[in-house]
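Architecture at a glance
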Amino acid sequence: MARERQVAGGGRAVEIAPDRLEGWYARFAVRNEGVRSTELTAETVTVIADNGVVAVATVPFGPLKAEGTTAGLAVAPLIEHALISRRIALLLVRRGGHSVGIARGGVIVQSRTDRHLVQGRSAAGGWSQQRFARRREGQARVALRSAAEDAFEVLVPQLSEVDAVVLGGDRRALESLREDRRLAPLFQRAEPRVLDIAEPRRTVLEDAAERAVAVAITLSGP
């Protein structure tokens, strides 16, 4: 698995599955005329190629237990860290649906998914628009309440057994759920990264389970 997207300010970001990291870095070195240095910190691994290209990997489920700067390519600590099999709680939510699950090694072992009608915006004006907006907000509240209930019932009881929590979806919807005090332990464990996902459903949850354990690398430079 290798996903790629453009990032603000130039450059691009890729997501690399743990079992493909070693090969990806080997190809990076060949494509960019070798590697000048590698810097390891608790949160990032920065590899600078001889032609000036820079690859910054964000350490998932940190901290990385290795620090320092080394000449050449020295990413073994990152690869070993990424390959550790982890049990992860996933919470994916958008205004029209949600999916929660427990994954082990990138594979879903327990899940619950639900979808709710939340109408789009209306072009009408006046009282009709106001009634439509109230109806839409009411639908959104129902959807978010259902998401909160499933997260509380499926994920919260297993927090002591998971290694991390990964969120995905609409940030405003997630912030609304954050206000539910029952979910405070869940959000306290959440990784900083929030996955950008489509409308939650089982296939999206399965994809998110794989992406959750991938290493995000940002590339910049010549």
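Residues numbered from 1 in each chain as written. Predicted model: local features only at pLDDT ≥ 70, side-chain atom pairs only at ≥ 80, totals over all residues. Heavy atoms only, no water.

**Let's talk about the confidence of the model for the chain**
Mean pLDDT for the chain: 88, with 88% of residues reaching 70 or above. The low-confidence segment residues 117-127, where pLDDT is below 50, has 18 contacts with residues more than four positions distant or belonging to other chains. (pLDDT = per-residue confidence, 0-100. Contact = heavy atoms within 4.5 Å.)

**Notes on the pattern of salt bridges**
Evaluated as defined, the whole model comprises eight salt bridges. Close ionic contact of Arg211 with Glu15 constitutes a salt bridge, the shortest N to O distance being 3.0 Å. In this pair, Arg211 sits in helix α6 (residues 202-213) while Glu15 sits in strand β2 (residues 12-16), placing the two residues 196 residues apart along the sequence. Linked by salt bridges that have partners in common, Glu15, Arg193 and Arg211 make up one network. (Salt bridge = Lys/Arg side-chain N within 4 Å of Asp/Glu carboxyl O. Helix = DSSP H or I, 4+ residues; strand = E, 2+ residues; numbered from the N terminus.)

**Some thoughts on α6**
For an α-helix, the turn length of 3.6 residues means that residues three or four places apart are oriented alike. With 12 residues, α6 extends 18 Å from end C-alpha to end C-alpha; this agrees with the ideal 16 Å at 1.5 Å per step. Within α6, burial applies to Val204, Leu205, Ala208, Ala209, Arg211, Ala212 and Val213. (Expected span 1.5 Å × (residues − 1). Buried < 20%, exposed > 50% of the residue type's maximum accessible area, 1.4 Å probe, protein only.)

**Here's the deal with the side chain of Ser99**
Note that Ser99 resides in strand β8 (residues 97-104). A distance of 2.6 Å separates the side chain of Ser99 from the side chain of Thr113, its partner in a polar contact. Each residue touching Ser99, except ones within four places of it in the same chain, is listed here: Leu90, Leu91, Leu92, Arg112, Thr113, Pro200, Arg201 and Leu205. (Polar contact = N/O pair within 3.5 Å; in protein donor to acceptor, adjacent residues only side chain to side chain.)

**Quick look at the sheet that holds strand β7 (residues 87-94)**
Strand order in this open sheet of five strands is β9-β8-β7-β10-β11, and the pairing throughout is mixed. Either end of the sheet is taken by a strand with one partner, and the two such strands are β9 (107-115) and β11 (190-195). Taken pair by pair, the neighbouring strands of this sheet meet at an average axis angle of 15 degrees, ignoring direction. Note that strand β10 (residues 164-169) and β11 share three bridges and pair parallel. When the bridges of β11 are listed, Leu167 appears paired with Val194. The strands that helix α4 (residues 171-178) touches are β7, β10 and β11; relative to β7, the one it contacts most, it runs at about 110 degrees. Of the strands in this sheet, β7, β8, β9, β10 and β11 touch α6, which is tilted by about 130 degrees from β7. (Pairing = 2+ DSSP bridges. Axes fitted to C-alpha atoms, helices over the stretch in contact; angles between N-to-C directions.)

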